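Here is what each chain is made of, one letter per residue.
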Amino acid sequence: MAINANRLRRRMLGGVGAVIAASSMMLAGVSAPAYAANPYTAKGVCGSGYKVQRSHALPGATTYQLYNGTTTCVVTLKTASLGKATKVTAGLQVKGGSWAYDTGAYTYYAGPVKQRSKGKCVRYFGYSKGTNFTSTWANCG
């Protein structure tokens, strides 16, 4: 699986910025901010034109399956431990093909995992906090 260099840089730089900000606040005697909500959305992570088809709540995250008319996208957005790197996974399989995954210790989301799927059934996978979910085959168009 190819790693999107821009996404990796953004996550790394975002994490470095958070560490610097938290360190500065600690030196000043201020607590680090608690994140009330994930600043990312499934549509924002997948990109323009995608619409949510299905989703499944997991402990500390929700996995979304989106489609734009030709390509399916899966992303697992964290709902807990935001800003803290924890293991989350997003996965996608198009009928007749292999699974594609993005798994790692991420601060806000895993994914996007994208595959061309027009005219084929798909299923998706999500993992967070020791719980995984695999959907049924669906959205066969």
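Refer to the structure presented above.
A quick note: this is a predicted structure, and the numbers were derived from the prediction, not measured. (Residues numbered from 1 in each chain as written. Predicted model: local features only at pLDDT ≥ 70, side-chain atom pairs only at ≥ 80, totals over all residues. Heavy atoms only, no water.)

**Q** Give me the pairing of strand E3 (residues 71-78): which residues, what numbers.
**A** A large share of E3 lies buried, amounting to eight of its eight residues. Alternating residues of E3 divide into Thr71, Cys73, Val75 and Leu77 and Thr72, Val74, Thr76 and Lys78, and every residue in both groups is buried. What sits between strand E2 (residues 61-67) and E3 in their antiparallel hairpin is a turn of three residues, with Gly69 showing a positive phi close to 105 degrees. Alignment of E3 against strand E6 (residues 109-116), held across six bridges, turns out to be antiparallel. Paired with Leu77 across the strands is Tyr109, a residue of E6. (Buried < 20%, exposed > 50% of the residue type's maximum accessible area, 1.4 Å probe, protein only. Helix = DSSP H or I, 4+ residues; strand = E, 2+ residues; numbered from the N terminus. Pairing = 2+ DSSP bridges.)

**Q** Requested: an account of the sheet that holds strand E4 (residues 86-94), with residues and values cited.
**A** Strands sit in the order E5-E4-E7-E8 across an open sheet of four strands; the sheet is antiparallel. Pairing within the sheet leaves two strands with one partner each, and these edge strands are strand E5 (99-106) and strand E8 (131-134). Across the sheet, the axes of successive neighbouring strands diverge by a mean angle of 10 degrees, strand direction being ignored. Inspection of the sheet shows strand E7 (residues 122-128) paired to E8 by four bridges, in the antiparallel sense. By the bridge assignment for E8, Ser128 is matched with Thr131. (Axes fitted to C-alpha atoms, helices over the stretch in contact; angles between N-to-C directions.)

**Q** Outline the nonpolar core, listing residues and values.
**A** In terms of nonpolar packing, the biggest core is built from eleven residues, these being Ala42, Val45, Cys46, Tyr50, Leu66, Cys73, Val75, Leu77, Leu82, Tyr108 and Tyr109. For this core, the elements supplying multiple residues, two or more each, are helix H2 (42-46) and E3. The next biggest cluster of nonpolar side chains, apart from the first, holds ten residues, and it includes Val74, Val88, Leu92 and Tyr124. (Core = buried A, V, L, I, M, F, W, Y, C linked by side-chain atoms within 4.5 Å.)

**Q** Could you give me a rundown of the sheet that holds E3, with the residues and numbers involved?
**A** Within the open sheet, the four strands sit side by side as E1-E2-E3-E6. Their pairing is antiparallel. The strands lining the two open edges of the sheet, one partner per strand, are strand E1 (51-58) and E6. In this sheet, adjacent strand axes meet at a mean angle of 15 degrees when their direction is disregarded. Pairing geometry for E2 and E3, over seven bridges, is antiparallel. If you follow Leu66 over to E3, its bridge partner there is Cys73.

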